[in-house]
Amino acid sequence: MNQIERITHMENILNEAEAAAAGLGRALDRWAALREGLAELEAYYSGGQWMRDYDDDAAGKLPQDLRRGVLSEDAVYNLLWDCGKLRKRMEELGKG
């Protein structure tokens, strides 16, 4: 690699890393803002209220036009699982 190629290559790495760092910073800001809500969602899901709401939905007691993605059998579980994997990944990346 000659000098011009090397400088161009390093410039590309710099620009890509700056953009990625800015994007990651924004994503981490959003994540931090959602932490309290995620804890509330986890407590709702694991505390029994979710099951009561799920049962009421299954019994037709809730309005038909109500958005109810939170009552699907897998949505909250999968989100919490994914959040756990992301935490582990961030921990691993933070070690490097």
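The rules behind these values
- Residues numbered from 1 in each chain as written.
- Predicted model: local features only at pLDDT ≥ 70, side-chain atom pairs only at ≥ 80, totals over all residues.
- Heavy atoms only, no water.
- Salt bridge = Lys/Arg side-chain N within 4 Å of Asp/Glu carboxyl O.
- Buried < 20%, exposed > 50% of the residue type's maximum accessible area, 1.4 Å probe, protein only.
- Patch = residues over 30% accessible without salt bridge, like charges linked within 9 Å, V, L, I, M, F, W, Y side chains within 5 Å.
- Areas by Shrake-Rupley, 256 points an atom, 1.4 Å probe, with all protein chains shown as cover.
- Helix = DSSP H or I, 4+ residues; strand = E, 2+ residues; numbered from the N terminus.
- Phe/Tyr/Trp six-rings, centres within 6.5 Å; stacked < 30°, edge-to-face > 60°.

Peer 1: Would you explain the pattern of salt bridges in this entry?
Peer 2: Between side chains of opposite charge, a pair can form as their charged atoms come close. Inspection of the entire model under this criterion finds four salt bridges. Measuring nitrogen to oxygen at the nearest pair gives 3.7 Å for the salt bridge that ties Lys61 to Asp56. Lys95 is the partner of Glu92 in a salt bridge, and the nearest nitrogen-oxygen pair spans 3.2 Å. On the accessibility criterion, Lys95 (64% relative accessible area) is exposed.

Peer 1: What is the right way to look at a nonpolar patch on the surface in this model?
Peer 2: Taken together, Leu24, Leu28, Leu86 and Met90 make up a surface patch of nonpolar side chains, about 330 Å² in accessible area. Examined against the element boundaries, Leu86 turns out to sit in helix α3 (residues 75-94).

Peer 1: I tried to follow the packing of aromatic side chains on my own but got confused; where do I start?
Peer 2: The relation between two aromatic rings is expressed through the spacing of the ring centres and the mutual angle of the planes. With the rule as written, the count across this model stands at three aromatic pairs. Measuring from centroid to centroid gives 5.1 Å for Trp50 and Tyr54, while their planes differ by 20°, and the two rings are stacked. Taken as a pair, Trp50 and Tyr54 lie in helix α2 (residues 49-58) at a separation of four residues, close to a single helical turn. Overall, the relative accessible area of 23% leaves Tyr54 in the partly exposed class. By way of ring pairs, the aromatic residues Tyr45, Trp50 and Tyr54 are connected into one cluster.

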